[in-house]
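Listed below are the residues making up each chain.
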Amino acid sequence: MTPWHKFLVVALTASLSILAAPVRALDNGQARTPPMGWNSWNAFHCDVSAALVEATADAMVDSGMKAAGYTYVNIDDCWLLKQRGAKGELVPDPAKFPQGIKAVADYVHRKGLKLGIYESAGTVTCADYPGSIGHETQDAAQFARWGVDYLKYDNCGDYQGQTYPQRYTAMRDALAASGRAIVYSICEWGNESPWHWAPAVGNLWRTTQDITPRWETDQAANHYPQGIMDIVDQQAALAGTSHPGAWNDPDMLEVGNGYLTDDENRAHFSLWALLNAPLIAGNDVRHMSKDVRTILTNTDVIAVDQDWGGRQGSKLRDDGDTEVWAKPMSDGSVAVILLNRGRGPVDISTSAGAIGVKAADSYTVRDLWKHSDATSDESIKASVPTHAVAMFRVWPGAHAAKPGTAS
Ligand code: GLA
């Protein structure tokens, strides 16, 4: 081969490998399972402070949430002053955070938890505080210096002519350059089909407009914010787009907020787990009822969310008021939800074969809310009350693991 031929071969191979390169997935080592934690917005809106965040961290330890896997304590909007400082830096509101953010991060870290913060990929945040567009490198470096472990990056303000991927990629690169491991949560409300481009940019991306603690969307309120069932409907088509390190985010939990019944809270939590959604509690965990605490710390359900297989569940059957959802688990079992959206109790049934469990002579069916095991020949059924679910995990044959263990 002449040197000229060699050159041609090398050049051709190089250009072919560039053409064949898959879209780069974000590989920052974070959120290998859906992140779990708490965020201030759903219960407190702008009423955030160091005292609230620190008391919440205490409560997360005392309530058993930390032991159940909740790690991130996330400050949402309104933590900062309306003007940047003399060097262009973000300034925490001294009335709300008298010792600044680093002191809060240190407190949270001493509890064995991690701290999250909020900014926006535009000129202002949604509550009209300074946004990060044009300041990405400076802001990311400041978050890193403070010891921040998680950034929720919102979509308010002027975009200065930039596209969605440009704005969110600028912060991805700034976070990487900061040198600190920071979970990157994209919050563009599902506007630009983020499930197509965000896996290469962030660890999670919101798929919808804001959630509200209602079973159904309030139609009189012009479809916004959205009820839990409305959000669930928008997740059905997205099952194939998430994977470890990159998760669909149907918004933070409303468990324990508003007037949701215990059945509605259980249904909401079960569906989020089946969807591999981030489990970010949005209630006042300092003063939650025993029932709400029991729901948030159900480790049988959390194990479905955190399954390392990272295969998001999907809707298998839609009969109007009743639905069947299932998620294949990495140990060969399948998690299944029988959902009653209607008024009045109803019998719902499916079978081990229909949900994709390997054929066997009998099956172990664990009720993930009653924490009891039963043996079944094929059928999986329950009488499900109004606005409620039954949730099971089904193994082919006998399964010896104790209920409550994340096997
Ligand atoms: C947007 C987000 C919410 C919350 C608020 C804060 O609406 O979607 O989750 O962060 O902004 O202003």
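Structural notes, computed from the coordinates. In this text, all values refer to a predicted model and were calculated from it rather than measured experimentally. (Residues numbered from 1 in each chain as written. Predicted model: local features only at pLDDT ≥ 70, side-chain atom pairs only at ≥ 80, totals over all residues. Heavy atoms only, no water.)

## Let's talk about empty space enclosed by the protein
Alright, step 1. Counted by the stated rule, this structure contains 1 cavity of 30 Å³ or more.
Alright, step 2. The calculated volume of the largest cavity comes to roughly 100 Å³.
Alright, step 3. The wall of the largest cavity is formed by 13 residues, among which Tyr150, Lys152, Ser185, Asp249 and Met252 lie closest to the centre.
Alright, step 4. Each residue belonging to the lining of the largest cavity can be placed in one class, and the counts come to 6 nonpolar, 3 polar and 4 charged. (1 Å grid on protein atoms, 1.4 Å probe; cavity = no way out; pocket = protein on both sides within 12 Å on 5 of 7 lines; lining within 4 Å. Points joined across faces, edges and corners; volume = space filled by probe spheres on them. Nonpolar A, V, L, I, M, F, W, Y, C, P; charged D, E, K, R; others polar.)

## Here's the deal with the packing of aromatic side chains
Alright, step 1. Counted by the stated rule, this structure contains 9 aromatic pairs.
Alright, step 2. Here Tyr72 and Tyr150 contribute two aromatic rings whose centre-to-centre distance is 5.1 Å and whose plane-to-plane angle is 50°, an arrangement assigned as tilted. With Tyr72 in strand β2 (residues 72-74) and Tyr150 in strand β4 (residues 150-154), this pair connects stretches of sequence that are 78 residues apart.
Alright, step 3. Of the residues examined, Tyr150 reaches a relative accessible area of 4% and is grouped as buried.
Alright, step 4. When the centroid spacing of 5.7 Å and the interplanar angle of 80° are considered together, the rings of Tyr159 and Tyr164 count as edge-to-face.
Alright, step 5. Residue class for Tyr164 comes out buried when judged on its relative accessible area of 11%.
Alright, step 6. Here Arg167 stacks its cationic end above the ring of Tyr159, 3.5 Å away from the centre of that ring. (Phe/Tyr/Trp six-rings, centres within 6.5 Å; stacked < 30°, edge-to-face > 60°. Helix = DSSP H or I, 4+ residues; strand = E, 2+ residues; numbered from the N terminus. Buried < 20%, exposed > 50% of the residue type's maximum accessible area, 1.4 Å probe, protein only. Lys NZ or Arg CZ within 6 Å of the ring centre and 35° of its normal.)

## Some details on the nonpolar core
Alright, step 1. Core analysis: the biggest nonpolar cluster contains 87 residues, and Tyr70, Trp79, Phe269, Trp272 and Leu296 have the highest contact counts within it.
Alright, step 2. Not counting chain neighbours up to four residues away, the residues in contact with Trp272 comprise Ile211, Ile228, Ile231, Val232, Pro250, Asp251, Leu253, Ala277, Pro278, Leu279 and Asp305.
Alright, step 3. By size, the runner-up hydrophobic cluster in this structure holds 18 residues, among which are Val324, Val334, Val336 and Val384. (Core = buried A, V, L, I, M, F, W, Y, C linked by side-chain atoms within 4.5 Å. Contact = heavy atoms within 4.5 Å.)

## Quick word on the layout of surface pockets
Alright, step 1. Quantified by volume, the largest pocket comes out at close to 330 Å³.
Alright, step 2. Contributing to the lining of the largest pocket are 21 residues, with Trp41, Asn42, His45, Asp210 and Tyr224 lying nearest its centre.
Alright, step 3. Grouping the amino acids of the lining of the largest pocket by side-chain chemistry returns 10 nonpolar, 3 polar and 8 charged.
Alright, step 4. The calculated volume of the second largest pocket comes to roughly 230 Å³.
Alright, step 5. Lining the second largest pocket are 14 residues, with Asp367, Trp369, Lys370, Val389 and Ala390 positioned closest to its centre.
Alright, step 6. Every element with two or more residues in the lining of the second largest pocket is listed here: α10 (262-274), β15 (379-384) and β16 (388-396).
Alright, step 7. Broken down by element, the lining of the second largest pocket gets its largest block of residues, 5 residues, from β16.
Alright, step 8. Looking at side-chain class alone, the lining of the second largest pocket contains 9 nonpolar, 1 polar and 4 charged residues.

## As for the site of the ligand
Alright, step 1. In the vicinity of the ligand, 13 residues are found, and the nearest of them are Asp76, Asp77, Lys152, Asp154 and Asp210.
Alright, step 2. Between an oxygen atom of the ligand and a side-chain N or O atom of Asp76, the distance comes to 2.7 Å.
Alright, step 3. Within the side chain of Trp189, a nitrogen or oxygen atom sits 3.1 Å from an oxygen atom of the ligand.
Alright, step 4. For the ligand, whose free accessible area comes to 310 Å², the fraction covered by protein is 94%.
Alright, step 5. If you map the ligand onto the pockets, it falls in the largest pocket.
Alright, step 6. Class assignment for the residues of the shell around the ligand results in 7 nonpolar, no polar and 6 charged. (Near = heavy atom within 4 Å. Polar contact = N/O pair within 3.5 Å; in protein donor to acceptor, adjacent residues only side chain to side chain. Areas by Shrake-Rupley, 256 points an atom, 1.4 Å probe, with all protein chains shown as cover. Sits in = over half its atoms within 2 Å of the grid points.)

## Topic: the sheet that holds β4
Alright, step 1. The strand order β7-β6-β5-β4-β3-β2-β1-β8 describes an open sheet built from 8 strands, whose pairing is parallel. Single-partner strands in this sheet number two, and they are β7 (247-249) and β8 (279-281). Ignoring strand direction, the axes of neighbouring strands in this sheet form an average angle of 25°.
Alright, step 2. Relative to β4, strand β3 (residues 114-120) runs parallel, the two being bridged by 5 bridges. Paired with Glu119 across the bridge in β4 is Tyr153.
Alright, step 3. Strands in contact with helix α7 (residues 164-178) are β4 and β5 (183-186); relative to β4, the strand with the most contacts, it is inclined by about 160°. (Pairing = 2+ DSSP bridges. Axes fitted to C-alpha atoms, helices over the stretch in contact; angles between N-to-C directions.)

Geometry only, nothing functional implied.
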